Amino acid sequence: MKKFIRFAIVGATGFVVDAGTLWLLLSFTPLGPLSARVIAIALAMTATWLLNRSFTFGASKRSVVVEGFRYGVIAVITSLVNYGIYAGLLIMAPLLSPYAALVFASIAAMLFSFFGYSRFVFRR
């Protein structure tokens, strides 16, 4: 349970990076909500890998390259789940705020990623 709480804290930090980047890009660039989200996800993914490696799970016994590759695989799948839910919500409910879609998509992705990271990336 401790790991999940730490994971949730890291996830909240990743959410702040994701939402903050999305807000900055929507406010100060001509990017739309779909393209801006791709950049926001990439930045949040990098931040959470560093935090999960040091705070939540600890470094695995694998080399940093192998660990990073495994993390990247799960992160890409998680990002596709996250982005798919986000885009689907915006397409199905065009009046829905991009930020509300972000919340729903992020919660679903967090549950998926915890199991992927804990079992495939950082398992000792």
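This report concerns the structure included in the present document. (Residues numbered from 1 in each chain as written. Predicted model: local features only at pLDDT ≥ 70, side-chain atom pairs only at ≥ 80, totals over all residues. Heavy atoms only, no water.)

Examining the packing of helix H1 (residues 2-28) against helix H4 (residues 98-121)
For step 1, the next point in the chain: For the pair H1 and H4, interaxial distance at closest approach is 10 Å and the crossing angle is 145°. The two elements H1 and H4 meet at a crossing, and its hand is right-handed. Residues Lys 3, Phe 4, Phe 7, Ala 8, Phe 15, Asp 18, Ala 19, Leu 22, Trp 23 and Leu 26 of H1 form the contact with H4, whose own contacting residues are Tyr 99, Leu 102, Val 103, Ser 106, Met 110, Leu 111, Ser 113, Phe 114 and Tyr 117.
For step 2, the next point in the chain: Across the contact of H1 with H4, the residue classes break down as 15 nonpolar, two polar and two charged. (Axes fitted to C-alpha atoms, helices over the stretch in contact; angles between N-to-C directions. Helix = DSSP H or I, 4+ residues; strand = E, 2+ residues; numbered from the N terminus. Left-handed = near helix turned anticlockwise from the far one by under 90°. Contact = heavy atoms within 4.5 Å. Nonpolar A, V, L, I, M, F, W, Y, C, P; charged D, E, K, R; others polar.)

Quick look at the side chain of Thr 21
For step 1, the next point in the chain: Here Thr 21 shows up in helix H1.
For step 2, the next point in the chain: Among the polar contacts listed, one links the side chain of Thr 21 to the backbone oxygen of Val 17, at a separation of 2.7 Å. (Polar contact = N/O pair within 3.5 Å; in protein donor to acceptor, adjacent residues only side chain to side chain.)

Side note on H1
For step 1, the next point in the chain: Between its terminal C-alpha atoms H1 stretches 39 Å, which fits the 39 Å expected from 27 residues at 1.5 Å a residue.
For step 2, the next point in the chain: Among all positions of H1, only Phe 7, Val 10, Gly 14, Asp 18, Ala 19, Thr 21, Leu 22 and Leu 25 are buried.
For step 3, the next point in the chain: The inward-facing, buried residues of H1 contact helix H2 (33-56), helix H3 (64-92) and H4. (Expected span 1.5 Å × (residues − 1). Buried < 20%, exposed > 50% of the residue type's maximum accessible area, 1.4 Å probe, protein only.)

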